[in-house]
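Observations on chain architecture
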Amino acid sequence: MTDWTPQQPPYRTPYSATPPPAAQPPKPRGSRMVVPVLLASLLSAGLAAGTTALIVGGEGGGTTTIVQDNASVSEPAMQSGGASSATATAAVAGATMDVAAMYRKYGSGVVRIDHGSGLGSGFVFDKDGYILTNAHVVDGADGDITVSFSNEERVTAEVVGVDNATDVAVLKVDMPSSALTVIPLGSSRDLQVGSPVVAIGNPFGQDRTVTTGIISAVARSIQAPNGFSINGAIQTDAAINQGNSGGPLLDMRGQVIGINSQINTGGTGSGNVGIGFAVPVDLVKQVASEIMETGKAQHAWLGVQLSDVDEELASQVKVGTDRGAMIAGITEGSPAAKSDLKGATGQTMINGQSYAIGGDVVIEANGARIDDTRDLQGVVSSLKPGAELDLVVVGQDGEQRTVTVTLGDQPQSATALNR
């Protein structure tokens, strides 16, 4: 598990979604380190060993933006896409606009969120007064949470629900729809590295500041407040600082593609160094829909660590297939542990890359072809606790068999798994 070092206002839960089947970015064939992935809908626990501490700084005078060091960010974990509610539907594709026009049109939809322990950002996404932000922005609120609009009007906000597994929170304000500027939700499914993006938020308390950049990478994995992982995160070089947490990351059509959530300081402190991360909007829509309907979101849990299988591994080691997701490890007490799945018996190095060997390799899940770990994560993320998952696996002996697992409910905290 990653060690956490609180800084300034304490952040009580280890921080960092998931993502919806999203863009299938080119499947990397670089590093094949065995990255522990604890499947929980879109989530995994236990990033690469040897990571440095995540530093949680205050967002402008006591805020909660998450700051993490380089080693804590693990590579790809599939982006998966969830259903959205009627109020959180993707916007119809529109014409692109320049930054000034976008700010004029949607800047007033970005709000400042204040409470006794800090401040952050958020944005209106529904005419009924619903606001999206990060879970860690409202964490530790010891009094009323207030929302400030562009006209400096401050109103008390109700917390509809918080999901620490994806770092998403939904608030609601009681205001007439005519007073609200709704920012449309787009999609994170087909994002392209190099595409321009715009971030709007309240860095260091500087209200409605706009910054620009590009999508630097997709399919990143960042740590969630509950210690699991948010897969499919968007990396950007748009300047994101403490106080930007919860604000929108927009494409050039003015549609939200993610919620700005974390920054990587490169070990220099808490300032921007051009590496920020946003929770993908397809995941946000799925979670927000559940929160608005029931007040909470649920995440299915398999309880395995995974390692990719590819042609390079298959050419060197007898694994019975040249594709799939190998069960590198199984969490004690998890749904997988109660099944007939077999974990890896060792590891091997091939051309400087680490592979798990000896475990079952999943090649199909509920009828869907599985080429790598992201594919399996996508299938699990589309299901709910209690659902059955039929896995076609290739065993160490090369024989195929079907294993049925009843998925569990993701634990409240990844740290509880180590007790």
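Keep in mind that this is a model prediction, so the values were computed, not measured. (Residues numbered from 1 in each chain as written. Predicted model: local features only at pLDDT ≥ 70, side-chain atom pairs only at ≥ 80, totals over all residues. Heavy atoms only, no water.)

1. Overview of the packing of aromatic side chains
Counted only if it meets this: Any pair of Phe, Tyr and Trp rings, taking the six-membered ring for Trp, is counted once the centres come within 6.5 Å. Such a pair is stacked with planes under 30 degrees apart, edge-to-face with planes over 60 apart, and tilted for the rest. When accessible area is computed with a 1.4 Å probe and restricted to protein chains, residues below 20% of their type maximum are described as buried, those above 50% as exposed, and intermediate ones as partly exposed. A positively charged side chain is recorded as over a ring if its NZ (Lys) or CZ (Arg) lies within 6 Å of the ring centre. The angle to the ring normal must also be within 35 degrees.
Evaluated as defined, the whole model comprises one aromatic pair. Centroid distance phenylalanine 125 to tyrosine 130: 6.4 Å. Interplanar angle 55°. Geometry classified as tilted. For the residue pair phenylalanine 125 and tyrosine 130, the accessibility class agrees, reading buried in each case. The positively charged end of lysine 172 is found above the aromatic ring belonging to tyrosine 130, 5.4 Å away from the centroid.

2. Points about unusual backbone geometry
Note the threshold: Every helix listed is a DSSP run of H or I at least four residues long, and every strand listed is a run of E at least two residues long, numbered separately from the N terminus.
Not every positive phi belongs to a glycine, and phenylalanine 204 is a case in point at roughly 55°. Along the chain, the position of phenylalanine 204 falls in the loop between strand S10 (196-201) and strand S11 (209-223). Classification of phenylalanine 204 as partly exposed rests on a relative accessible area of 43%. A positive phi angle, near 50°, is found at asparagine 351, a position not held by glycine. Within the fold, asparagine 351 resides in the loop between strand S19 (346-350) and strand S20 (353-357).

3. Some points on the pattern of salt bridges
The criterion, for reference: Every case where a carboxyl oxygen of Asp or Glu lies within 4 Å of a side-chain nitrogen of Lys or Arg is listed as a salt bridge.
One pass over the structure, following the stated rule, counts eleven salt bridges. Linking aspartate 251 and arginine 253 is a salt bridge whose minimum nitrogen-to-oxygen distance equals 3.5 Å. The class for aspartate 251 is buried, based on a relative accessible area of 12%. Residue classification places arginine 253 among the partly exposed positions, given a relative accessible area of 30%. A cluster of three or more residues bridged by salt bridges with shared partners is formed by Arg112, Asp114, Asp207 and Arg208.

4. Description of helix H3 (residues 281-294)
Inclusion rule: Given the number of residues in a helix, its expected span is that number minus one, multiplied by 1.5 Å.
Across its 14 residues, H3 extends 20 Å between first and last C-alpha, which sits within 8% of the 20 Å expected from 1.5 Å per residue. Of all 14 residues making up H3, twelve are buried, and the element is well covered by its neighbours. Along H3, the residues classified as buried are Val281, Asp282, Leu283, Val284, Lys285, Gln286, Val287, Ala288, Ser289, Glu290, Ile291 and Met292. Backbone geometry just after H3 places glycine 295 at a positive phi near 90°.

5. Things to note about the confidence of the model for the chain
Rules: Within a predicted model, pLDDT stands for the predictor's per-residue confidence, ranging from 0 to 100. When checking whether two residues touch, look at their non-hydrogen atoms; a contact exists if any pair is within 4.5 Å.
Per-residue confidence for the chain gives a mean pLDDT of 79, with 76% of residues at or over 70. Across residues 1-92 the pLDDT falls below 50, and counting only partners more than four positions away or on other chains, this stretch makes 358 contacts in the model.

6. Describing the pairing of strand S14 (residues 256-264)
This is how it is decided: Should DSSP find at least two bridges between two strands, the strands are regarded as paired.
Among the nine residues of S14, nine are classified as buried, and the element is accordingly described as predominantly covered. Across three bridges, the pairing between strand S13 (residues 248-250) and S14 is antiparallel. Its bridge partner lying in S14, leucine 250 is registered against valine 256. Two strands pair when backbone bridges link them, and S14 and strand S15 (residues 276-280) are joined in this way by five bridges, in the antiparallel orientation. Residue pairing in the sheet places glycine 258 in a bridge with proline 280 of S15.

7. Quick notes on the sheet that holds strand S8 (residues 154-163)
The condition that has to hold: Comment: axis = line fitted to C-alpha atoms, over the contacting stretch for helices; angle = value between 0 and 180 degrees taken between N-to-C directions.
Pairing is antiparallel in the closed barrel, where six strands are placed in the order S4-S5-S6-S9-S8-S7. Adjacent strand axes in the sheet meet at a mean angle of 40° when their direction is disregarded. When strand S4 (residues 110-115) meets strand S5 (residues 118-124), the two strands line up antiparallel, connected through six bridges. Across the sheet, the residue bridging to histidine 115 is glycine 118, located in S5.

8. Observations concerning the pairing of S4
Within S4, six of the six residues are buried, leaving the element largely enclosed by the surrounding structure. Burial along S4 is two-sided: the residues Val110, Arg112 and Asp114 and Val111, Ile113 and His115 are all buried. Hairpin connection between S4 and S5: a loop of two residues separates the two successive antiparallel strands. Across three bridges, S4 lies against strand S7 (residues 145-148) in antiparallel orientation. Note on S7: the bridge partner recorded for aspartate 114 is threonine 146.

9. Quick word on the environment of aspartate 397
The condition is simple: Identification of polar contacts relies on pairs of N or O atoms within 3.5 Å, with a donor-acceptor requirement for protein atoms, meaning one able to donate a hydrogen and the other able to accept it, and with residues adjacent in sequence counted only if both atoms are side-chain atoms.
Its location among the elements puts aspartate 397 in the loop between strand S23 (388-394) and strand S24 (400-406). For aspartate 397, a relative accessible area of 55% translates into the label exposed. Counting along the chain gives 78 residues from aspartate 397 to valine 319, while the straight-line C-alpha distance between them is 8.0 Å. Of the polar contacts made by the side chain of aspartate 397, one reaches the backbone nitrogen of glutamate 399; its length is 2.9 Å.

10. A few points about the environment of serine 307
In this structure, serine 307 sits in strand S17 (residues 304-309). Remark: the alpha-carbon pair of serine 307 and glycine 359, spanning 52 residues in sequence, is separated by 9.7 Å.

11. Let's talk about the environment of glycine 254
Structurally, glycine 254 can be placed in the loop between S13 and S14. Residue contacts for glycine 254: discarding those within four places in its chain leaves Met97, Met102, Tyr106, Ile183 and Pro184.

12. Re the nonpolar core
To keep things clear, this is the line we draw: To form a nonpolar core, buried Ala, Val, Leu, Ile, Met, Phe, Trp, Tyr and Cys residues must be joined to one another through side-chain atoms within 4.5 Å.
Residues Phe123, Phe125, Leu132 and Val170 are the most contacted members of the largest nonpolar core, which totals 32 residues. Of all elements in the fold, only helix H1 (99-106), strand S6 (130-133), strand S9 (168-172), S10, strand S12 (229-236), S14, S15 and H3 reach the threshold of two or more residues within this core.

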